[in-house]
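Notes for the structure review
Listed below are the residues making up each chain.
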Amino acid sequence: MSKLFLYLKTDTFRKNLIIALIFIVVLFLFVYFGLRMYTKHGDAQEVPVLKGLHISEAMKILDKAGLNYEVDSIYQLDAKPGLVIEQDPEEKSHVKGGRTVYLTIITQIAPEIAFPDIVDKTLIEASAIIKNHSLKLGDTIYIADIARDVVLDAKFGGQSVEAGRMISKGSRIDLVLGNGRGSNEVEVPLLIGFTLSEAKFALTGVGLNIGKVSYSGTILDSLSAKIITQTPDTSSALISIGSLIDVTLSN
């Protein structure tokens, strides 16, 4: 024990103690400043607002801010392609320089889905199914059938489309519906006062078609011109489905 106390009083011990203390201090400073450099202590910056921007503009902003980015994409009906709709971290968050910001954008390529079975559904049911499958309801075409407003056929690009066929989201679907009349004859509708487009719509609903179209007097705007005469008129009572009705329009 006395030898230990004698050693502690020697110059050799004091030198070793000083060296050990210096080593500990140097090691502490190295670790401290090393960690500050590694974690970029005090290098926090605010994440810019990117949602609502086009991806090209968002990338320029991130490049200028020294932030990295990764891009994912989803499809949304009627949304602008390339639009940033989500970002992580959120805007105005504080992050280190070089942090990766994850962006979600709207893709231009619509994914395909299996076309749903809507034949024999009512118009209301079919419309809801079409909407739920991210499709668009196009024209409604009425033909003679005793089942009123029931889907008899679905068309895409003018061609019938069957359930299960792969089709792009956002596609426009036309529906062929029954007009509720099972006979071959219908009453002649009154078209006086209709525009040409209104008359076509009304005739389609009862299985008739526009025939010869003529104009009376000077026509300034054919789209707003109204029907002043029709042949046959309502005095004819019944007319065969598919028949033509001639009309005369005037401003």
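Residues numbered from 1 in each chain as written. Predicted model: local features only at pLDDT ≥ 70, side-chain atom pairs only at ≥ 80, totals over all residues. Heavy atoms only, no water.

Observations regarding the overall build of the protein
- Within the protein, the regular secondary structure consists of 5 helices and 16 strands.
- Per-residue burial for the protein yields a buried fraction of 26% across its 251 residues.
- Taking contacts inside the protein between residues at least 6 apart in sequence as the whole, the part at least 24 apart equals 73%.
- Only carbon and sulfur atoms are counted for the fraction: they give 58% of the accessible area of the protein, which is about 16,000 Å². (Helix = DSSP H or I, 4+ residues; strand = E, 2+ residues; numbered from the N terminus. Buried < 20%, exposed > 50% of the residue type's maximum accessible area, 1.4 Å probe, protein only. Contact = heavy atoms within 4.5 Å. Areas by Shrake-Rupley, 256 points an atom, 1.4 Å probe, with all protein chains shown as cover.)

What to know about the sheet that holds strand β5 (residues 100-106)
- Spatially, the 3 strands line up as an open sheet ordered β2-β5-β3, and their pairing is mixed. A strand with exactly one partner marks an edge of an open sheet, and here the two such strands are β2 (68-74) and β3 (84-88). With strand direction ignored, the average angle separating the axes of adjacent strands in the sheet is 20°.
- Its contacts with the sheet place helix α3 (residues 55-65) against β2, β3 and β5, and it is angled at close to 170° to β5. (Pairing = 2+ DSSP bridges. Axes fitted to C-alpha atoms, helices over the stretch in contact; angles between N-to-C directions.)

Concerning the pattern of salt bridges
- Tallying each qualifying case throughout the model produces 4 salt bridges.
- Between Lys-51 and Glu-90 there is a salt bridge whose closest N-O contact spans 3.6 Å. Here Lys-51 is found in the loop between β1 (44-46) and α3, whereas its partner Glu-90 is found in the loop between β3 and β4 (94-96), with 39 residues between them in sequence.
- Classification of Lys-51 by relative accessible area gives partly exposed; the value is 33%.
- For the salt bridge of Arg-172 with Asp-139, the shortest nitrogen-to-oxygen distance reads 3.2 Å. Of this pair, Arg-172 sits in strand β11 (residues 172-178) while Asp-139 sits in strand β7 (residues 136-143), and the two are 33 residues apart along the sequence.
- A relative accessible area of 44% places Asp-139 in the partly exposed class.
- Salt bridges linked by common partners bring Asp-139, Arg-172 and Asp-174 together as one network. (Salt bridge = Lys/Arg side-chain N within 4 Å of Asp/Glu carboxyl O.)

Considering a nonpolar patch on the surface
- On the surface, a nonpolar cluster with roughly 720 Å² of combined accessible area is contributed by Leu-17, Leu-21, Phe-23, Ile-24, Leu-27, Phe-30 and Val-31.
- Note on placement: Leu-27 falls in helix α2 (residues 11-39). (Patch = residues over 30% accessible without salt bridge, like charges linked within 9 Å, V, L, I, M, F, W, Y side chains within 5 Å.)

Digging into the nonpolar core
- In this structure, Leu-191, Leu-208, Ile-245 and Val-247 are the most contacted members of the largest nonpolar core, which totals 15 residues.
- Looking at this core, the elements that each hand over two or more residues are α5 (196-205) and β16 (244-250).
- The contact partners of Leu-208, leaving out residues within four places of it in the chain, are Val-186, Glu-187, Pro-189, Leu-203, Ile-239, Ser-240, Ile-241, Gly-242, Ser-243 and Ile-245.
- Of all hydrophobic cores here, the second largest spans 14 residues; its members include Ala-154, Val-161, Ile-173 and Leu-175. (Core = buried A, V, L, I, M, F, W, Y, C linked by side-chain atoms within 4.5 Å.)

A word on the sheet that holds strand β9 (residues 159-160)
- Strands sit in the order β7-β11-β8-β9 across an open sheet of 4 strands; the sheet is mixed. Either end of the sheet is taken by a strand with one partner, and the two such strands are β7 and β9.
- As paired elements, strand β8 (residues 151-156) and β11 share 4 bridges and run antiparallel to each other. Within β11, the residue paired with Asp-153 across the bridge is Val-176.

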